[in-house]
Amino acid sequence: MLRVPEIIQKKRDGAELSREELETLVLGGLRGEVPDYQVAAWLMAVYFRGMTPRETTTLTSILQHSGQQLHLPPLGKPVLDKHSTGGVGDKTSLVVVPLLAACGVVVPKMSGRGLGFTGGTVDKLESIPGFRTDFCADEIRRLVEEVGACLVGQSPDLVPADKYLYALRDVTATVDCIPLIAASVMSKKLAGGAQYIVLDVKTGSGAFMPRLPDALELAQTLVEIGRMAGRRTLALVTDMSQPLGEAVGNALEVAEAIQVLQRRAGAASARFEILCIELAAHALLLVGAETQLSEARRRALECLDSGDALQMFRRIVQAQGGDVHVLDNPSLLPQSPVRLRVYLPQAGYIHAIDARRVGLLAVRLGAGRSRKEDTIDHAVGILILRHVGDHVEPSLPVAEIHARSEEQAEEIAGELRGCFQVGEGAPRFEPLVYAVV
């Protein structure tokens, strides 16, 4: 019989663990046979010693098979899952999922809740009155068959070992570890049953991987796990050095996504819209629906312009119990009682916006969670009205705070001004997409 302290010591000393050893720790911890403090010790050893590619793939497989697998019936269409590693103002799934579904790709999208400075897709969607995200595996299959797409929370019967490990990682400072992130992400994607996987790996101040080399390594690890599991997998490494689009906050982000689907979005949403097109185009290329990236972009744009993507989002909202009237009138979404515009005292060009600080300020307003048990206020948040490269002067607002009280709005405004770095002359622009892996 394997002794747990010897397994921990083996990893502590940098050796590769076998499948049996990993199962002893992970599944033993899930069943309560191995105490949390021993699993936590192993997690810390992994944090400092890393894992070999074989270990990472094995851990992914153990997590994937710790619960049910989502087996979809033959649908006659490609089945694709899309995942983002998360960032400030990242609401791309709200546009990309209906856009791809309208282009004939089946998208069973399972999403998470927000924790820390990044928002969660499930929290955003629950700002739509009546919208339900908690479905079991059988219900998810039915939604996909009837609609062609869904936007749901992670089914409780899928990858329970990942939930167990993540809860420990969250309280042991072992979240930002590339092999553990990769195994967590890909175990859920593989259990979800899609044959094609598109990943949006964020980098910059508003991402969990602020350094580009780390984001590239994570993207390569994710794609390699997908390849070894027999899934066609592609990752885009994209910029999160400033908030994505205009809105940071749940109902505000849903409203912005609806405006993009309606083709009514303003200039502040340009980078958000462009990224949605890029993700959709690469997905169409991956599943073989198009053979040229330029044609895939054109098809995605046509799907937006025709209103087909908006109608597909309407079908998703209706099938999941949401109030479809919000698609015609976003003001039916939760509204904050206080709105305060923020101005900067100097003139010049915006050279940088600290996305992480903006995200943390939105959390303080109530738009996110500092702890898992915190309640989300769907109405509050921040609109970023000017982005990097935009000219500003004292008479032009750079942001708008949506808050519960005047006092809270004023307090946040003082700190929000410090998130904007203004200088003379146009700044150096960061590309929106750094790499395709």
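Provided above is the structure to which this section pertains.
So, here is what we can say about the structure in this document.

Analysis parameters
Residues numbered from 1 in each chain as written. Predicted model: local features only at pLDDT ≥ 70, side-chain atom pairs only at ≥ 80, totals over all residues. Heavy atoms only, no water. Buried < 20%, exposed > 50% of the residue type's maximum accessible area, 1.4 Å probe, protein only. Helix = DSSP H or I, 4+ residues; strand = E, 2+ residues; numbered from the N terminus. Right-handed = clockwise from strand over helix to strand, strands pointing away. Pairing = 2+ DSSP bridges. Polar contact = N/O pair within 3.5 Å; in protein donor to acceptor, adjacent residues only side chain to side chain. Contact = heavy atoms within 4.5 Å. Salt bridge = Lys/Arg side-chain N within 4 Å of Asp/Glu carboxyl O. Axes fitted to C-alpha atoms, helices over the stretch in contact; angles between N-to-C directions.

## Description of the pairing of strand β5 (residues 232-239)
- Counting buried positions along β5 yields seven of eight residues, so the element is predominantly enclosed.
- For the segment spanning strand β4 (residues 196-203), helix α10 (residues 212-228) and β5, crossover handedness is right-handed.
- Pairing of β5 with strand β13 (residues 433-436) involves three bridges; the strand directions are antiparallel. Each residue of the ladder has a partner; that of L236, found in β13, is V436.

## Points about the side chain of E273
- Examined against the element boundaries, E273 turns out to sit in helix α12 (residues 270-286).
- Reaching out from E273, the side chain makes a polar contact with the side chain of R263 at a distance of 3.0 Å.

## Things to note about the sheet that holds strand β8 (residues 348-353)
- If you trace the three strands from one edge of the open sheet to the other, you get β10-β8-β12, paired in antiparallel fashion. Of all the strands in the sheet, just β10 (391-392) and β12 (420-423) have a single pairing partner and so form its edges.
- The pairing of β8 with β12 spans four bridges and is antiparallel. Bridging across to β12, A352 finds its partner in Q421.

## Regarding the environment of L180
- Mapped onto the secondary structure, L180 falls in helix α9 (residues 178-191).
- Residue L180 is classed as buried on the basis of its relative accessible area of 3%.
- Separated by 137 residues in the primary sequence, L180 and L43 place their C-alpha atoms 8.5 Å from one another.
- Apart from the residues within four sequence positions on either side, L180 is in contact with L43, V46, L59, R169 and T174.

## Focus on the pattern of salt bridges
- Under the counting rule described, the total for this entry stands at 31 salt bridges.
- For R142, the salt bridge identified is with E146, shortest N-O distance 3.6 Å. You can see R142 and its partner E146 sitting in helix α7 (residues 137-147), four residues apart, about one turn around the helix.
- Of the residues examined, E146 reaches a relative accessible area of 49% and is grouped as partly exposed.
- In this structure, E290 and R299 form a salt bridge, with 3.2 Å as the shortest nitrogen-oxygen distance.
- Residue R299 is classed as partly exposed on the basis of its relative accessible area of 25%.

## Points about unusual backbone geometry
- In this structure, V159 takes a positive phi of about 40° despite not being glycine.
- Residue placement: V159 occurs in the loop between β3 (149-153) and α8 (160-171).
- Note on V159: relative accessible area 1%, which makes it buried.
- Phi is positive for A173, close to 60°, though the residue is something other than glycine.
- Looking at the element boundaries, A173 is found in the loop between α8 and α9.

## Topic: the sheet that holds β13
- Spatial strand order, β1-β4-β5-β13: four strands in an open sheet with mixed pairing. In this open sheet, the two strands that pair with only one neighbour each are β1 (80-84) and β13. Neighbour to neighbour, the strand axes of the sheet diverge by 15° on average, direction disregarded.
- α10 rests against β4, β5 and β13 of the sheet, and its axis sits at about 165° to β5.
- Its contacts with the sheet put α12 on β1, β4, β5 and β13, and the angle it makes with β5 is roughly 165°.

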